[in-house]
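Descriptive analysis of the structure
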Amino acid sequence: MLAVDTGLVEEWLSEFKTLPEASISSYATSLKEKSALISSLYKVIQEPQSEASIFNLLEPVCHQLFEFYRSGEEQLLRFTLQFLPELMWCYLAVSASRDLQSSGCIEALLLGVYNLEIVDKEGHSKVLSFTIPSLSKPSVYHEPSSIGSMALTEGALSQHGLSRVVYSGPHPQREMLTAQNRFEVLTFLLLCYNAALSYMPAVSLQSLCQICSRICVCGYPRQQVRKYKGVNCRIPVSSEFMVQMLTGIYYAFYNGEWDLARKAMDDILYRAQLELYPEPLLVANAIKASLPQGAMKSSKEGTRCIQVEITPTSSRISRNAVTSMSIRGHRWKRHGKKNI
Amino acid sequence: MAAKTLHPHVKLEGEIERCRGEGQWGQLRLLARQLLPPARPPRKAGAQDAEDYGSLLLAEALLEECLKENFSKLKDSIPLSEKNEPRLRDAKQYLTDILSRGRLRPKYMTEALLILGKLHYVEGSYRDAVSMYARAGIDDLSTRGEPLYVLRLLTEAFLIKGLSLERSTNSVASRARLSEREEEVVACFQTACVLAQLYLQELEKTLNNTHSRSIKGSSVQCSEFELSYFLEAALQSAYVTHLKKGNVVEGMRSLRETLRTVETKATQPFKMVLLHSLSEDCYWSPLSDPLPEFMSKEGQSCVSSLLWRRPELYSDENAYCPQDNVEEALLLLLLSESMANRDAVISRAPEQQDDRALSLRDASAVYDLLSITLGRRGQYVMLSECLERALKFAFDEFHLWYQLALSMVACGKSAHAVSVLRECAKLRPADPTVPLLAAKLCIGPLHWLEQGEHFAKTVIDLGEDAGESLAKGYLALGLTYSLQATDATLKGTQDELNKKALQTLERARELAPEDPQIILYLSLQLALVRQISDAIEHLQEALQLCPHDINSLHLLALLFSAQKHYQPALDVIHMAVAEYPESFSLLFTKVKLEWMHRGPEEALVTCRHMLQLWQMVYSVVQHSNSERSSSVTETPVIKKHNGLHLLLPDAHDTDCGSQRASSLAASRLEQALSEITVQSSAMKQGPAQLWTALEQIWLQAGK
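Basis of the calculations
- Residues numbered from 1 in each chain as written.
- Chains lettered and ligands numbered in written order.
- Predicted model: local features only at pLDDT ≥ 70, side-chain atom pairs only at ≥ 80, totals over all residues.
- Heavy atoms only, no water.
- Helix = DSSP H or I, 4+ residues; strand = E, 2+ residues; numbered from the N terminus.
- Buried < 20%, exposed > 50% of the residue type's maximum accessible area, 1.4 Å probe, protein only.
- Contact = heavy atoms within 4.5 Å.
- Areas by Shrake-Rupley, 256 points an atom, 1.4 Å probe, with all protein chains shown as cover.
- Phe/Tyr/Trp six-rings, centres within 6.5 Å; stacked < 30°, edge-to-face > 60°.
- Lys NZ or Arg CZ within 6 Å of the ring centre and 35° of its normal.
- Salt bridge = Lys/Arg side-chain N within 4 Å of Asp/Glu carboxyl O.
- pLDDT = per-residue confidence, 0-100.
- Axes fitted to C-alpha atoms, helices over the stretch in contact; angles between N-to-C directions.
- Parallel < 35°, antiparallel > 145°, perpendicular 65-115°, else oblique.
- Left-handed = near helix turned anticlockwise from the far one by under 90°.
- Expected span 1.5 Å × (residues − 1).
- Nonpolar A, V, L, I, M, F, W, Y, C, P; charged D, E, K, R; others polar.
- Core = buried A, V, L, I, M, F, W, Y, C linked by side-chain atoms within 4.5 Å.

1. Notes on the overall build of chain B
Regarding its fold elements, chain B presents 30 helices and zero strands. For chain B, buried positions account for 57% of its 703 residues. Counting only contacts in chain B whose residues sit at least 6 apart along the sequence, the fraction spanning at least 24 positions is 65%. Accessible area for chain B stands at about 29900 Å²; split by element, carbon and sulfur atoms hold 53% of it.

2. Points about the overall build of chain A
Assigned secondary structure in chain A consists of 16 helices and two strands. Evaluated residue by residue, chain A yields a buried proportion of 54% over its 340 residues. The long-range share in chain A, meaning contacts at least 24 apart out of those at least 6 apart in sequence, stands at 73%. Carbon and sulfur atoms make up 55% of the accessible area of chain A, which amounts to about 15000 Å² in all.

3. Quick notes on the packing of aromatic side chains
Tallied over the entire structure, the rule returns 16 aromatic pairs over all chains. With a centroid separation of 5.2 Å and 75° between ring planes, the pair formed by F253(A) and W258(A) is classed as edge-to-face. The pair F253(A) / W258(A) is uniform in exposure class, with both members buried. Pairing F398(B) with Y402(B) gives two aromatic rings, centres 5.1 Å apart and planes at 25°, and the pair type is stacked. Here F398(B) and its partner Y402(B) are both found in helix α16 (residues 398-410), four residues apart, which amounts to about one turn of the helix. Both residues of the pair, F398(B) and Y402(B), count as buried. One aromatic cluster is present, formed by W12(A), F16(A), Y27(A), Y42(A), F68(A), F79(A) and F83(A) through successive ring pairs. Over the ring of Y199(A) we find R78(A); its NZ or CZ atom is 3.5 Å from the centre of that ring.

4. Some points on the pattern of salt bridges
Note that side chains of opposite charge can pair when their charged atoms are close. Evaluation of the coordinates by the stated rule reveals 34 salt bridges over all chains. In this structure, the salt-bridge partner of R226(A) is D267(A), at a minimum N-O distance of 2.8 Å. Placement of the pair is R226(A) in helix α12 (residues 222-226) and D267(A) in helix α14 (residues 258-275), with a sequence separation of 41 residues. Residue R226(A) is classed as partly exposed on the basis of its relative accessible area of 22%. A salt bridge links E156(B) to K118(B), with the nearest nitrogen and oxygen atoms 2.6 Å apart.

5. Overview of the confidence of the model for chain A
Residues and elements named next belong to chain A. Chain-level statistics for chain A give a pLDDT mean of 78 and a share of 76% at 70 or above. Mean pLDDT per element in chain A: helix α16 (residues 324-339) is the minimum at 50, and helix α11 (residues 202-217) is the maximum at 93. Predicted confidence for residues 297-309 stays below pLDDT 50, and this span has 28 contacts to residues more than four positions away or in other chains. Long-range and interchain partners of residues 331-340, a stretch whose pLDDT sits below 50, account for zero contacts in this model, where long-range means more than four residues apart.

6. Quick notes on the side chain of T178(A)
With respect to the helices, strands and loops of the structure, T178(A) is situated in the loop between β2 (163-168) and α10 (182-195). Judged by relative accessible area, T178(A) falls into the buried class, the value being 3%. Residue contacts for T178(A): discarding those within four places in its chain leaves A578(B), E579(B) and P581(B).

7. Description of unusual backbone geometry
Unusually for a residue other than glycine, K227(A) sits at a positive phi of about 60°. Among the secondary structure elements, K227(A) is positioned in the loop between α12 and α13 (239-253). One non-glycine residue, R530(B), lies in the positive phi region at around 65°. Position of R530(B) among the secondary structure elements: in the loop between α22 (516-528) and α23 (532-545).

8. A look at the confidence of the model for chain B
All names here are of chain B. Taken as a whole, chain B shows an average pLDDT of 72; of its residues, 69% reach a score of 70 or greater. Every residue in residues 264-272 is under pLDDT 50, and counting partners more than four places away or in other chains gives 31 contacts. With pLDDT under 50 throughout, residues 627-690 is counted as low confidence; its partners more than four residues away or in other chains account for 113 contacts.

9. Things to note about the packing of helix α6 (residues 84-96) of chain A against helix α7 (residues 104-117) of chain A
Residue and element names in this part refer to chain A. Running from N to C, α6 and α7 point in directions that differ by 130°, and their axes come no closer than 10 Å. For the element pair α6 / α7, the angle class is oblique. The element α6 and its partner α7 pack so that their crossing is left-handed. Between α6 and α7, the residues in contact are L84, L87, M88, C90 and Y91 and I106, E107, L109 and L110, respectively.

10. Looking at helix α18 (residues 433-446) of chain B
Residue and element names in this part refer to chain B. Between its first and last C-alpha atoms α18 spans 18 Å; for 14 residues at 1.5 Å apiece the expected length is 20 Å, and the two agree. Counted residue by residue, α18 has 13 buried out of 14 residues, so it is predominantly covered. Two residues or fewer past α18, H447 is found with a positive phi of approximately 60°.

11. Brief notes about the packing of helix α20 (residues 469-487) of chain B against helix α21 (residues 491-511) of chain B
Any two packed helices are characterised by the angle at which their axes cross and by the distance between the axes. All names here are of chain B. Following both chains from N to C, one finds α20 and α21 inclined at 165°, their axes separated by 8 Å at the closest point. Compared by their axis directions, α20 and α21 come out roughly antiparallel. Classified by chirality, the crossing of α21 by α20 is left-handed. Each of L470, A471, Y474, L475, L477, G478, Y481, S482, Q484, A485 and T486 in α20 lies in contact with α21, whose residues at this interface are Q494, L497, N498, K500, A501, T504, L505, R507, A508 and L511. Residues that form the contact of α20 with α21 fall into these classes: 12 nonpolar, seven polar and two charged.

12. Brief notes about the nonpolar core
Membership of the largest hydrophobic core comes to 220 residues, with the highest contact counts inside it found for W12(A) and F79(A). Counting residues in hydrophobic clusters, the runner-up holds 74 residues, among them M109(B), Y133(B), Y149(B) and L235(B).

Structure representation (structure tokens):
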């Protein structure tokens, strides 16, 4: 933390306070470009104990980040959101080492964001749901008839037609973080972060990968391999939280952070094996198996680059192979002949 | 063949068109040979004319057959050379002869140009290819009223023009010219893509007609129609180029459009790959892009004039339209899954091994993506059903079996999961996580202690190879012994098992001195055999490592109370309650301690607090239940409430409580306590009345 950083942060703190209402949105747009400021803010969050002067900065910084979030201005909101992984790490690291006082303002910020996110604009509890499509209903991409008969399972019958499924919420308001609700809150926060993943700058994705790796290995023998300093105790995690971490990491893989994401995924897998959590094991195994063979080095410079090839499709599988399709077709043919 | 009948020419002409349309090159070659001398001319033209027409057809057939065999070379764009491919040389000779003589009708001359262009491309002379198309004037050609094969020729022409332009960019000097060129390439691809879809839809119609008419049936089954390389490329190039350049929005738009066209049997296999790539893309497509207005068909302006019709789209008013990209990905994945599942090779015949491996790879790729999507939304029940469908072609495939087992564990199908895990362990005996997971299930929800013992021993047998999991193996074994001791009726067996449990747990401790979980269970075992002060000592170590663990704190409080140190016990409980304000099992202990130590008044206050708390928790549960009632219910999220971080759920903890009961005055109440802990998990599901009744009893007890 240099004097330059302190200066930048202090300037940022005072600038927003004096900002007239009308220029907020243009200010919000310009914030994204200020990479020096962003990296200084990371330093403030990362090194809370380093110096007294910085210690004084953390609290106003958290306060202002919360003000940004509360403003309702989309760009400001995302500006705060990008620091979320780092803030979580900081909070978890401090709370694991039982030095609760120093994380007070971070805790307040996290709780504030959580309490804002669990309600909608009218103040009702938000319930997040999504639709499970059913193949027996036509969609913009298919007609049921072209699929052929579907397996008549119990599940298929009960899901005839579209069904909406709640995947998160309603969540109660929280006044403080306890060991009991900690991961419920953090998981929800990470869910919010993941929903905005594509707006997150590379620095934020890098921070996400790093903190996931740290959370998973600190206190375990692998910490020595990774050479992580600082926190030496184990940080408890919940399996839902790990699944949310994986969602973000999966995105990072294909958006320019191949190496970091790879490391983070390995560490999550390591931890999930030790904890015997089935959910993150399942998702991490799937991600690992679906990775292309070679690293996507080329996507380093130009992010958001999707690797596609013209894929040969037709009949690499020879005609006489027995498939469910061919068995069905077989019967059908014989049936047809009888009719003639 | 069809030649020697009454109207040979008409029939021959029709047959030729059909072959060219459907891509039956072998047959076309035979027909073409009939036109060559000494055959009759097809129309009233000179014999030379007919001969040229024959050579044209022959050239096309030769070229296509040659291409079919060199599919992989085309894919890697390795130019074919005349020297190695005699058919290529012959075809070229025929075509150049035709063009130099120039006797054919303009229509056929154009066709010759188009075919020659293709040939040039295959040879790697991209400039020549482009100039051929310029000579043919493809931009002004019409497909109206032309036979089917013209559509195919044009599709390929646009595609190849695009590809050739793309590959000869280094000759372009200026930047402005380069971007102009790029635009031209993309326009070519888009045209090719639309034409290809049109062609395939038309083709399907014709094929269906011929099928219904002729009983003999043509040799081509519509489902078996093979896409040539160029047709496939035509369908895909447009979005591939977009995506490669990083134009995600454009690429996605064109991909979605392709997907929306009504599929034909021929495109089905191809579509699966498309779906696959789209659903992958969905993950990292910027959410900022609004989903295309699926239902509104905006006329697209840029494509060239010859597109007088557009491919048919799926456009049912009531069609389901995904609302966000996760839903879209899921829909596409489910479609892919149904296709992959249907086309997977299930026979085990050794000669089909390669096919099987291929189809398995494709299918498991789909299942992986499905796992990522559904896992993200916590839909493990559905996922386990999907994965179960995969088993019929996944014999001896560890990955899919393991994924199925994990999804079953995640959605609480414990008994099934154990059987699947047993298979997994056979397939990969060196992996300690598999038997450990099974042991966890056996010890926990299933209470299959013998099986648990077996799985735990499997891990221990791995020895050093189990790595960090070895300690967990000993932990699991120790726990099984301990639980067996609780179940045992004979005092002798009990003591024996308890001793074994303690030894095993101590071994686990040696292996992983830093693991608070192991220490907790070690001290629990010590407590069970009444070595209370040893137990407290160990427990404090565990709390050093993991200060907020609910089970450690609870046990510590109980241990203090067993030593009649009520004040420290209460202090610990207060600390624990501060961190876990909603844990009923802690609160019950608190009530009991207060009753013992401070008298009924204080206990009553806590009881009241519990009642309030219960009401609050209940209403939240009710609320979320009513929200869910209309939908498929996933196993309630709340089940994670009481810390299942432990290998063993709370039940054991309260076992210890009831053991301690003798030292506390009222053993009856402790028994109730253990009931309650069991209840507290059941309570979430519903039988609220019981719960209330129980509370009432407590209130009475308090008084």
